[in-house]
Number of protein chains: 2
Amino acid sequence: MVNSMESLPSAIDLSHHLTEVARSRHPSPLKDIISYMSRPGMISLAGGLPHPSLFPFTALQAAAYPSSTVLDTASPAVPHQSVKLEIPYGASTSSPYSLTSLLQYSAPPGHLALLQFTKELTKKLHSPAYINYVTLLNNGSTDGWNKLCTLLLERGDYILVEEQIYPSAQAAFIPLGVRSAVVGVDGEGARPDLLEAILASWDASKGRRPHVMYIVPVGQNPLGSTMKSERRKQIYDICVKYDVIIIEDDPYTMLQFGDYELGKPSTPAAVSCDVEEFVGGIEKSFMSIDYQGRVIRLETFSKTISPGARLGWFVCNEMFAERLLRGTEVQTQHPSGFSQMIVGELLNQWGMSGYLQWTANLKEQYRVRRDWLLNALADEFDLIPAHLSDVKGALGLVALSKTNGKPLLSFVPPSAGMFLWCDVNYASNQEFQNLVLSSQDPEGDFEHAFWERLAAANVLVTPGWYYRPWMGEEFRTVKSRGGRPGMGHFRLAFSLEGKEQILEGVRRLAEVMHREWA
Amino acid sequence: MVNSMESLPSAIDLSHHLTEVARSRHPSPLKDIISYMSRPGMISLAGGLPHPSLFPFTALQAAAYPSSTVLDTASPAVPHQSVKLEIPYGASTSSPYSLTSLLQYSAPPGHLALLQFTKELTKKLHSPAYINYVTLLNNGSTDGWNKLCTLLLERGDYILVEEQIYPSAQAAFIPLGVRSAVVGVDGEGARPDLLEAILASWDASKGRRPHVMYIVPVGQNPLGSTMKSERRKQIYDICVKYDVIIIEDDPYTMLQFGDYELGKPSTPAAVSCDVEEFVGGIEKSFMSIDYQGRVIRLETFSKTISPGARLGWFVCNEMFAERLLRGTEVQTQHPSGFSQMIVGELLNQWGMSGYLQWTANLKEQYRVRRDWLLNALADEFDLIPAHLSDVKGALGLVALSKTNGKPLLSFVPPSAGMFLWCDVNYASNQEFQNLVLSSQDPEGDFEHAFWERLAAANVLVTPGWYYRPWMGEEFRTVKSRGGRPGMGHFRLAFSLEGKEQILEGVRRLAEVMHREWA
């Protein structure tokens, strides 16, 4: 559905989703004074800011890669060319930023230039389907997600999450007394039929029906899955039907690098990526189908510029944004002025087209890295395409033992992000079969033992249990959670290690598996 | 009491003060893996960090004032000399910071060099009386205070606060369903007798007895008061007796500039301040008498270096620090790497003695500014010393009308911080006396009317009601709160405006008061 701006609806009233804490926040009384401050001739003895001449910094410069830089993840080197960034001391026409304003306390929503940039980026990439959405900066998505928990989740609530979840995401809500309502996944992430089943048959004696869904739709961590538009529409319609707010945590949105082709040698990073092709090819945000304003989007500069900047942003309807702003005023005040100045001035120099060129090139580096990992697996195992209907319902790959043909691993090659999620076939392992006879939780026990054996062989993976949603004390075993018998998991990251380390790491993994599944 | 390090006690167990949320936080499971990562020969496909070669920044430089700079707040100008700050790209011997490490996700407690600096500073200035205290960075005291609310305050709790409180401080806890138990003040801040009266006679039917006290002991905002060591000891002993945790929010600790002398012309800022004299002259933290570890200290670089950096730190016992760290991991992750690098490298270049020299000089600028304001008041009113026993129990000044000798204002000249708090004698105003006959809340109504009249005369002050602690809906009038009949308040800030503006602002204020109290 393509809408012209004029025909887009406004967000509906969703204020009944706010927590008691979020509803209780009041604007600072100091706001009343601010309108008086700008009157001509006014002298203000009201505001308690330090005089900017008392800040010790007088100059700030940085150098950065030109936006057209083609990186080489195989042999990293600092490019010869660079863009010079200079933050002016006071107000100037060369930059929207200045030391005197950003060393000072500044506006809680974030600098106007960054708000405009993030809003324009959202519009260009994700074509929101309602008109009155806004952006609001935060201190990165950890901060953003924590603020959203305070905004929406009450003690005793259940939250809809995918079958595997990033541990720090749930570490934010578990202490609030919030539990997971787990939606089963396939190769595209959360399954609509399983989502609807949970909502349709909710047992109200457990607590109110979940009204918030947390989802990582692109390069899901740890699943590596990316949800396509048709699936998103199905999920969204169910959330409309059951009045569920969707939190779309989308840090990997700019790292969508396309499908893996088995048997095709990896090509080096493209020298010049076509920006329009990149923009046209990415999976659009849930916002592109959100005609009600029930999606809250978390995006960040962590994966595209620098995690250390701790700079991200919300995109949401005005009502949620106003409540988040009231929270921001007392939770963090505003993101670091240094981060805003330096990242902001880089974007000012690069421009929107430069940022898109940079990310289009950057995603190629992750494609190359994904290919290193997948090709290494293809070297060490016999990889065959398979409909993993019993596991994920999607086309994937099965890794067979080179020595005895046993199926050892299965996975869906990621088309975005940093991670490969592997299902491990415990059922064909003899030690596991022995555990089935003796253990209350054979899958859990074997996962620990297998991980230890990999570590002893000097290769670290992240074990599957790291990502298990917290359902409560009574759901500690794989069986009690409805997990598949005889199946385990681990996550492989292809973001950090070099090519040789990835190849050697996979070799060690394969050696252990061939031995243990002999 | 002077203790040698060896004889200092350890903190006692105070974990019963933690909230359910704080008790429920668990370490990230990823921590288990970190110990394996450093094993020789290990290949980690576990950690999901971006490769640092993919961050676009290659150089970062700043220039800053030498630590010995004598600023001139009367005619601010950038000094000719400057210290060059250069953040190395990778690890080096020239700096503990590097772009590759601080552009990356970094340690939630903050950079080790900053932790060491803040701990050394605490030790040097405040001589903690127990041995196992630690520092932990936060994103400035707004963030720090919000984290402490989550650590200690449950819905339904009462918190001990001073009679006037910074609005954003209470905006953090009011939405949590926490109310104020208000401790009356005099010229040194909270009065021990009134604190003990509240705790000794607590009516348990309202809720549990307060177990947390929030206090700004130096240059209190808005009171401007500074608490001396004898008073601190009295407050501390009461908090031990009733098992109260003291949150010491101390942003103005380095801005202690000494007493005001009526009738003495203001001297310019000292050209070279003696650091040891400065250090020896400041009021030490509550930590200097805290032999149990029940004080949590909030300090910040906002007033001494840059508020925009959003960089502050906790000092507290190891148990609280560990729980705060678990919170930090999911609330903010870590402060901005840019802020840490730039502020950190400035401190690296300046050294501890340089930072102390800088702050010793800086506080002179606030002393000069305080003198501008007080001398302007002395010019516009007849100032006479008085024991303000009926108001504050401390030596202060009363401002009499130049035309009819009526007492108009009374205040205690601040010896630290940025603010002067004025009591206003409503009782001698005819319009107020008319309101007494007609209004349910004459003090409240007159405060609004008087503020509007000042604004109409082009001078803004912050009205007293901004700083009223929230005691609940039933305590909206001054009378119901036990406020003094016929008395109002406003706050004057001397931190931001220039000398001419301060003189003219006070002139306008005096003109309105002489007219309204004719």
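An unreviewed UniProt entry annotates chain A as Pyridoxal phosphate-dependent transferase of Naematelia encephala. Quoted verbatim from the Cofactor (unreviewed entry) field of the UniProt record, the comment on chain A reads "pyridoxal 5'-phosphate". As recorded by UniProt, the Sequence similarities (unreviewed entry) comment attached to chain A reads in full: "Belongs to the class-I pyridoxal-phosphate-dependent aminotransferase family."

A.B. asks: Lay out the overall build of chain A with the relevant residues and their values.
C.D. replies: Looking only at helices and strands, chain A features 14 helices and 19 strands. Rg of the C-alpha trace for chain A: 25 Å, near the compact-globule value of 24 Å for 518 residues, within the 12% margin. Over its C-alpha atoms, taken along the principal directions, chain A stretches across nearly 85 × 65 × 45 Å. For chain A, buried positions account for 62% of its 518 residues. Here chain A has roughly 18,400 Å² of accessible surface; of this, 53% comes from carbon and sulfur atoms. Averaging the locations of the 46 positively and 55 negatively charged side chains of chain A gives two centres separated by 2 Å.

A.B. asks: Kindly report on the sheet that holds strand S16 (residues 419-425) of chain B, identifying the contributing residues and their values.
C.D. replies: Hydrogen bonds between backbone atoms are what pair the strands of a sheet, whose relative direction is either parallel or antiparallel. Residues and elements named next belong to chain B. Read across the open sheet, the six strands follow the order S13-S14-S15-S16-S19-S18; overall the sheet is antiparallel. In the strand order of this sheet, the two ends are held by strand S13 (382-387) and strand S18 (462-463), each with one partner. Where helix H13 (residues 442-456) meets the sheet, it contacts S16, S18 and strand S19 (487-493), and its direction lies at approximately 40° from that of S19.

A.B. asks: Hey, could you go over the packing of aromatic side chains for me, with residue numbers and the actual values?
C.D. replies: Under the counting rule described, the total for this entry stands at 48 aromatic pairs over all chains. Ring geometry for Tyr426 of chain A versus Phe432 of chain A: centroids 5.6 Å apart, planes at 45°, classification tilted. On the basis of relative accessible area, Tyr426 of chain A is assigned to the buried category, the value being 0%. Three or more aromatic residues joined by ring pairs form one cluster here, namely Tyr426, Phe432, Phe446, Phe450, Phe490 and Trp517 of chain A. Looking at Lys206 of chain A, its charged tip hangs above the ring of Trp202 of chain A, at a distance of 4.3 Å from the centre. One residue, Lys119 of chain B, lies across the ring of Tyr133 of chain B, its end atom 5.1 Å from the ring centre.

A.B. asks: So what's going on with the relation of the copies chain A and chain B? Residues and values would help.
C.D. replies: Overlaying chain A on chain B yields an RMSD of 0.0 Å, the required transformation being a rotation through 180° with an accompanying axial translation of 0.0 Å. Read as a symmetry element, the transformation amounts to a two-fold axis. Within chain A, Gln61 of chain A has its C-alpha nearest the rotation axis, a separation of 2.6 Å. In this assembly, 100% of the residues forming the interface of chain A have copies in chain B that are likewise at the interface, indicating an isologous arrangement.

A.B. asks: Now, about unusual backbone geometry: what can you tell me, with residues and values included?
C.D. replies: The omega angle of the peptide bond from Asn221 of chain A to Pro222 of chain A is 15°, so this bond is cis rather than trans. Inspection of the secondary structure assignment puts Pro222 of chain A in the loop between strand S9 (212-215) and helix H8 (229-241). Even without a glycine there, the phi angle at Ser127 of chain B is positive, about 40°. Within the fold, Ser127 of chain B resides in the loop between helix H4 (112-126) and strand S4 (133-138).

A.B. asks: Please give an account of the side chain of Arg326 of chain A that cites residues and values.
C.D. replies: Residues and elements named next belong to chain A. If you trace the backbone, Arg326 turns up in helix H10 (residues 318-331). A relative accessible area of 5% means that Arg326 is categorised as buried. In this structure the side chain of Arg326 is engaged in a polar contact, spanning 2.6 Å, whose partner is the side chain of Glu322. Residue contacts for Arg326: discarding those within four places in its chain leaves Arg25, His26, Pro27 and Lys31.

A.B. asks: Tell me what's going on with the domain arrangement of chain A, and back it up with residues and numbers.
C.D. replies: All names here are of chain A. Once the domains are mapped, chain A shows domain 1 (69-363) and domain 2 (366-517). For domain 1 and domain 2, the distance between their C-alpha centres works out to 28 Å. At the junction of the two partners, domain 1 supplies 41 residues and domain 2 supplies 39 residues. Summed over both partners, the interface of domain 1 with domain 2 buries about 3,200 Å², with 60% contributed by carbon and sulfur atoms. Our count for the domain 1 to domain 2 interface comes out at one salt bridge.

A.B. asks: I'd like a description of the pairing of strand S14 (residues 395-400) of chain A, backed by residues and values.
C.D. replies: Residue and element names in this part refer to chain A. Most of S14 sits inside the fold, with five of its six residues counted as buried. Inspection of the sheet shows strand S13 (residues 382-387) paired to S14 by six bridges, in the antiparallel sense. Note on S14: the bridge partner recorded for Leu383 is Ala399. The pairing of S14 with strand S15 (residues 407-411) spans four bridges and is antiparallel. By the bridge assignment for S15, Leu397 is matched with Phe411.

A.B. asks: Give a detailed account of the sheet that holds strand S2 (residues 57-64) of chain A, specifying residues and quantitative values.
C.D. replies: Spatial ordering of the open sheet is given by S3(A)-S2(A)-S2(B)-S3(B), a layout of four strands whose pairing is antiparallel. At either end of the open sheet lies a strand with only one pairing partner, and these are strand S3 (83-87) of chain A together with strand S3 (83-87) of chain B. The average angle at which neighbouring strand axes cross in this sheet is 15°, direction not considered. In this structure, S2 of chain A lies alongside strand S2 (residues 57-64) of chain B, joined through seven bridges in antiparallel fashion. Along S2 of chain B, the bridge assignment pairs Ala59 of chain A with Ala63 of chain B.

A.B. asks: Tell me what's going on with the interface of chain A and chain B, and back it up with residues and numbers.
C.D. replies: Between chain A and chain B, the residue contacts involve 110 residues of the former and 110 residues of the latter. Three residues, Leu45, Leu54 and Leu460 of chain A, lead the burial of chain A against chain B; their summed loss comes to 9% of the area buried on that side. Where chain A packs against chain B, one counts two salt bridges. Residue Arg155 of chain B pairs with Glu20 of chain A through a salt bridge whose shortest N-O separation is 3.1 Å. The interface formed by chain A and chain B contains 48 residue pairs in polar contact (both at pLDDT 80 or more). The leading source of residues in the side of chain A that touches chain B is helix H11 (residues 337-380) of chain A, at twelve residues.

A.B. asks: Any details on empty space enclosed by the protein? Residues and values, ideally.
C.D. replies: All names here are of chain B. The full count for this structure, using the stated rule, is eight cavities of 30 Å³ or more. Volume-wise, the largest cavity comes out at about 60 Å³. Lining the largest cavity are Ala22, Arg25, Lys147, Thr150, Leu151, Arg323, Leu324, Gly327, Thr328 and Gln331. Contributions of two or more residues to the lining of the largest cavity are made by helix H5 (141-152) and helix H10 (318-331). Sorting elements by how many residues they give to the lining of the largest cavity places H10 first, with five residues. The residue inventory of the lining of the largest cavity, partitioned by class, reads three nonpolar, four polar and three charged.

A.B. asks: Outline the nonpolar core, supporting the account with residue identities and numerical values.
C.D. replies: Counting 322 residues, the largest nonpolar core has Trp145 of chain A together with Trp145 of chain B as the members making the most contacts within it. The residues touching Trp145 of chain B, leaving out its near neighbours within four places in the chain, are Ile159, Ala169, Ala172, Phe173, Tyr214, Ile247 and Leu298 of chain B.

A.B. asks: Can you tell me about the pattern of salt bridges, naming the residues and giving the values?
C.D. replies: Between side chains of opposite charge, a pair can form when the charged atoms approach closely. Residue and element names in this part refer to chain A. Summed over the entire model, instances satisfying the criterion amount to 58 salt bridges over all chains. Here Arg297 makes a salt bridge to Glu248, at a shortest N to O gap of 2.8 Å. Of this pair, Arg297 sits in strand S11 (residues 295-300) while Glu248 sits in strand S10 (residues 245-249), and the two are 49 residues apart along the sequence. In this structure Arg297 comes out as buried when scored by relative accessible area, which is 0%. Between Arg367 and Asp371 there is a salt bridge, with its nearest N and O atoms 3.0 Å apart.

A.B. asks: So what's going on with the side chain of Asn138 of chain A? Residues and values would help.
C.D. replies: Residues and elements named next belong to chain A. Here Asn138 is to be found in strand S4 (residues 133-138). The buried category is assigned to Asn138, whose relative accessible area is 0%. Each residue touching Asn138, except ones within four places of it in the same chain, is listed here: Asp143, Gly144, Lys147, Leu298, Arg310, Leu311, Gly312, Trp313, Phe314 and Pro335.

A.B. asks: Tell me about the environment of Pro56 of chain B, residues and numbers included.
C.D. replies: On the secondary structure map, Pro56 of chain B appears in the loop between strand S1 (43-44) and S2. Spatially, the C-alpha atoms of Pro56 of chain B and Leu103 of chain B are 9.6 Å apart, while their sequence positions differ by 47 residues. In this structure Pro56 of chain B touches Ala63, Ala64, Tyr65, Thr304, Ile305, Leu346, Trp350 and Trp358 of chain A, once residues within four positions along its chain are discounted.

A.B. asks: Could you give an account of the packing of helix H4 (residues 112-126) of chain A against H11 of chain A, naming the residues involved and the relevant values?
C.D. replies: Residue and element names in this part refer to chain A. Contact geometry for H4 and H11: axes closest at 10 Å, N-to-C directions at 30°. The angle between H4 and H11 falls in the class roughly parallel. Between H4 and H11 lies a crossing whose hand is left-handed. Across from Leu114, Phe117, Glu120, Leu121, Lys124 and Leu125 in H4, the residues of H11 making contact are Gln340, Gly344, Leu347, Gly351, Met352, Tyr355 and Leu356. By residue class, the composition of the contact of H4 with H11 is eight nonpolar, three polar and two charged.

About the criteria used
- Residues numbered from 1 in each chain as written.
- Chains lettered and ligands numbered in written order.
- Predicted model: local features only at pLDDT ≥ 70, side-chain atom pairs only at ≥ 80, totals over all residues.
- Heavy atoms only, no water.
- UniProt positions renumbered as here; feature names shortened; annotations may be inferred.
- Helix = DSSP H or I, 4+ residues; strand = E, 2+ residues; numbered from the N terminus.
- Rg over C-alpha atoms; globule rule 2.2 N^0.38 Å.
- Buried < 20%, exposed > 50% of the residue type's maximum accessible area, 1.4 Å probe, protein only.
- Areas by Shrake-Rupley, 256 points an atom, 1.4 Å probe, with all protein chains shown as cover.
- Lys, Arg positive; Asp, Glu negative; His and termini not counted.
- Charge placed at Lys NZ, Arg CZ, Asp CG, Glu CD.
- Pairing = 2+ DSSP bridges.
- Contact = heavy atoms within 4.5 Å.
- Axes fitted to C-alpha atoms, helices over the stretch in contact; angles between N-to-C directions.
- Phe/Tyr/Trp six-rings, centres within 6.5 Å; stacked < 30°, edge-to-face > 60°.
- Lys NZ or Arg CZ within 6 Å of the ring centre and 35° of its normal.
- Least-squares fit on C-alpha atoms with pLDDT ≥ 70 in both.
- Polar contact = N/O pair within 3.5 Å; in protein donor to acceptor, adjacent residues only side chain to side chain.
- Domains from an automatic or database assignment.
- Buried area = accessible area lost by both parts, 1.4 Å probe.
- Salt bridge = Lys/Arg side-chain N within 4 Å of Asp/Glu carboxyl O.
- 1 Å grid on protein atoms, 1.4 Å probe; cavity = no way out; pocket = protein on both sides within 12 Å on 5 of 7 lines; lining within 4 Å.
- Points joined across faces, edges and corners; volume = space filled by probe spheres on them.
- Nonpolar A, V, L, I, M, F, W, Y, C, P; charged D, E, K, R; others polar.
- Core = buried A, V, L, I, M, F, W, Y, C linked by side-chain atoms within 4.5 Å.
- Parallel < 35°, antiparallel > 145°, perpendicular 65-115°, else oblique.
- Left-handed = near helix turned anticlockwise from the far one by under 90°.

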